[in-house]
Amino acid sequence: MKKYMIEILTIFVLVFLTGFLVLVPAFAQSEITVSIVANPLVEDIIVPNLSDFEKETGIKVNIDALPWGSLYQKQILEVTGRTGAYDVMLLDDVWIEQYNQAGMLLPLNEFFDENTFPDKFFPSMWELGMKDGNQYVIPQRINVFGLVYWKTPFEELGLSVPQTWDEFLDVTKILTTDDRYGVSLALALDGSAHMTWVMLLYSAGKEIFDQNWEPMINSVEGVEALELLVELAKYSPPGSVSWRWAQARSALSQGIGVMHLGGISVIAELNTPEGSDYPGEFEIAPTPAPKGAKGGKNLFSTYAWAIASDTRNAEAAWEFIKWITGPEMERKHGLSGSSRPVESAQYSYYQDPQVLEARPLASKMRKLLPNSFPQPRIAIWQQISNEIAVEINEAILGQKSAKQALDDANDRVRELLLKKGYIKQ
Amino acid sequence: MKEPVVLLFSLLALQVLGEYNVKKHKGTVIALLSQFPNQILNIQIERLIPIIFLIPALTFIFVVLIIPLLANLILGFYNWNLLSPDLPNFVGLENYISMFKSVEFWDSIVRTLIFAFSTIFFQFLLGFAFALALTSVVFKRWSTLIRGIVILPLTLTTVVAATMWRLMYEPQFGIINYALDSLGISHNLIWLSSPSTALLSVIIVEIWRNTPFVALILAAGLAMLPEEPYEASFVDGASPLQSFFYITLPLMQNAIMLALVLRLMDALKAFGIVHVLTKGGPARLTEIVSIRVFKEAFEYFDIGYGAVLAQVVLIITILFSVLVIKVIKLVGSRNYD
């Protein structure tokens, strides 16, 4: 009897232990490293909430936050080198195609229900990460580009917000005084120059490439957009041709410039006493378009989450992405009062009454999102955009006419596309 | 035979790790080597010792210098983009041909040479002036203060120094335009953004940053000059200017050569200052070769083409360094004649 009792007790203990092990998540003791762009959202929202995620899942998370430029280089070097350094990566949308081509991203389809999950997202954002039927990224933070302006000078002078390119230039001239510039442009080579031009091109309803990747950089609308930029630059603070986004926004915040073409999320910061000398006086509008233009659209940029193809912890990595893009964290982003772009690629964010009340920008952004589109999805966009930016700079500096600059840009980009096999002679 | 070999390499390994000083225990090493059969070690053991001592250092140099250099040379013959799904493929001289055909490449070479030679020219003049001040009897009381001020730019990291200058160059709020305004010589200069001043602005920062380096080397050279030639020249009635040109400069030949060659090598491959200040812009007005290498290799990840450009930087650096050494030696020998 005693022998049987021992056997029963042993079986009981084994069953108990097995059950305990099953109940603990399969990825317990997992550790993942997340590569993310360094900005206040990491310290203000992600890090303080990480302990909840770690307790809930047993997954230890290491955050590797780097500035934008270094992030791109480090992610590429680590993942193409198959070092396994990163499990989860936050990517700028213009990198997705490059990363995909290099085989750096893991298809995510097996992790979600393909019938319901994609419907949570705005289609233009979800499609950014789609290739050959596979989904490679989950979009999260969104910024739409448009006109940001300081309301007070408009009210004082009885001016209307410009809707066309002609009005834009006229209003800019009127707003320019001895100690103030009508517009504050960012035209540096770091991405701001070509994005400002792309904003104007999109507002005219035009594209950079046709459907076969034939460049249309020197289209009539493209040249007119650059001519407008050249004129506007005369009413922008000196040195704008080397200004990055932050410098142009800084001029706006100090009342040196009245209007700015750029990411509209900046008004969240400009309308706070810490963010500008004129809190509550900034507003946004869509990018002015040529008179009578059809098919005009907005430019957007996004940060999206992906799993590195060389990860050893794909399940744990997905758990992290599910958590960070989940409704709880989306709400925390929305309610954070952050001056950074926290608007979401998901519909539910804009249906949350608490978020809409706490963040007036959310409903304004929501209106622009359905007609917002990203920069072209091509793996060599980094090179192409640099070629365009250099030529934009040349035109702004008066070294070439707008037409000549974009003709040259078109030729150089075409040569590049030929070399890389996107088009044929 | 096996045992002494193992022992010998163990001792060398211990030396690399800092646990054992082979030089101190030369006798042990000789004893170990003496156990090698004569047909294998058909050379004098004494002559082998220096080579053995050099092995760790040579291995290190081979691993961190020779192998990467060879790899770079080989990469130049391949079309290899890190972001391409294709494996690297041999393209022969294609990367070199593309480079020589590229107008931007030649423009960047010209910019690099203007940048390098103008910076070292002014660094030499200013550096010599500071060095003379540091060693002069007139400023002896102030030499510590002068040294402290002179050395300041060297103590700042490149990024901090460049960011500081970027703010100083700011057309509206920068201290430089403010100072010019205050002096009534305002020209509303757009330092980093104008075709006429962009490269000049970058050159000024580079001069400011590395003049102290030249000054310190030259000051060390001046401090070591013998007094006898000056006493003799004084007796012969030479003026201070004649003493400077006919005694100081020739005697300083080695220090000058060292300062100029080191600075030239550095200036030809300068990167940090330009990258932080302008990233090569606006347009390509400040795009020197190293910025182009960085763009090709680490922004576009075109490793093959980037490798070819890097080789050019290396060749130019070696060529001009040798040229500068030759010129200084030639000038020095003429002075002696």
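Residues numbered from 1 in each chain as written. Chains lettered and ligands numbered in written order. Predicted model: local features only at pLDDT ≥ 70, side-chain atom pairs only at ≥ 80, totals over all residues. Heavy atoms only, no water.

**Examining the pairing of strand 6 (residues 138–150) of chain A**
Residue and element names in this part refer to chain A. This is how it is decided: Buried residues are those whose accessible area, probed at 1.4 Å on protein chains only, stays under 20% of the maximum for their type, while exposed residues exceed 50% and partly exposed ones sit between those limits. Helix and strand definitions here come from DSSP, where helices need a minimum of 4 consecutive H or I residues and strands a minimum of 2 consecutive E residues; each element is numbered from the N-terminal end. Should DSSP find at least two bridges between two strands, the strands are taken to pair.
Of all the 13 residues making up strand 6, 13 are buried; the element is thus mostly covered by neighbouring parts of the structure. Sheet analysis places strand 6 next to strand 10 (residues 298–307), joined by seven bridges and oriented antiparallel. Residue pairing in the sheet places Asn143 in a bridge with Ser301 of strand 10. Pairing analysis gives five bridges linking strand 6 to strand 8 (residues 257–263), with the strands arranged antiparallel. Looking across to strand 8, one finds that Val148 is bridged to His260.

**Looking at the side chain of Ser201(B)**
The condition is simple: Throughout, a contact is declared for two residues whenever any of their heavy atoms are within 4.5 Å.
Position of Ser201(B) relative to the elements: it lies in helix 9 (residues 198–223). Discounting residues that sit within four places of it in the chain, Ser201(B) has contacts with Tyr169(B), Trp191(B) and Leu192(B).

**Observations concerning the packing of aromatic side chains**
Let me state the cut-off plainly: Here the aromatic set is Phe, Tyr and Trp, taking the six-membered ring for Trp, and pairing holds for ring centres within 6.5 Å; pairs whose planes are under 30 degrees apart are stacked, those over 60 apart are edge-to-face, and all others are tilted. We count a charge as sitting over a ring when the NZ of a lysine or the CZ of an arginine lies within 6 Å of the ring centre and within 35 degrees of the ring normal.
Enumeration according to the criterion identifies 41 aromatic pairs over all chains in this entry. Aromatic pair Trp150(A) and Tyr278(A): ring centres 4.3 Å apart, planes at 35°, arrangement tilted. Of this pair, Trp150(A) sits in strand 6 while Tyr278(A) sits in the loop between helix 11 (266–270) and strand 9 (282–285); the two residues are 128 residues apart in sequence, bridging distant segments of the chain. Accessibility expressed as a relative area gives 25% for Tyr278(A), which makes it partly exposed. Taking the centre distance of 5.6 Å and the plane angle of 40° together, the rings of Phe77(B) and Tyr96(B) count as tilted. Taken together, the residues span a long stretch of sequence, with Phe77(B) in the loop between helix 3 (45–75) and strand 1 (78–79) and Tyr96(B) in helix 4 (residues 94–101) at a distance of 19 residues. With a relative accessible area of 16%, Tyr96(B) lands in the buried category. Three or more aromatic residues joined by ring pairs make a cluster, and in this case those are Phe111(A), Phe112(A), Phe117(A), Phe121(A), Trp126(A) and Trp318(A). The ring of Tyr202(A) carries Lys297(A) above its face, with NZ or CZ at 4.6 Å from the centroid.

**Describing the pattern of salt bridges**
Residues and elements named next belong to chain A. What counts here: Any carboxyl oxygen of Asp or Glu that lies within 4 Å of a side-chain nitrogen of Lys or Arg is treated as forming a salt bridge with it.
Going through the model one piece at a time under the given rule, you end up with 26 salt bridges over all chains. For Glu343, the salt bridge goes to Arg359, with nearest N and O atoms at 2.6 Å. Within this pair, whereas Glu343 is found in the loop between helix 13 (327–335) and helix 14 (353–358), its partner Arg359 is found in the loop between helix 14 and helix 15 (360–368), the two being separated by 16 residues in sequence. Across the pair, Arg359 and Glu343 agree in class, each one buried. Among the salt bridges present, the one from Lys403 reaches Asp407, with a minimum N-O distance of 2.9 Å. Of this pair, Lys403 and Asp407 are both found in helix 17 (residues 402–419), four residues apart, which corresponds to roughly one turn of the helix.

So far we have only geometry, and geometry alone does not tell us how the molecule works.
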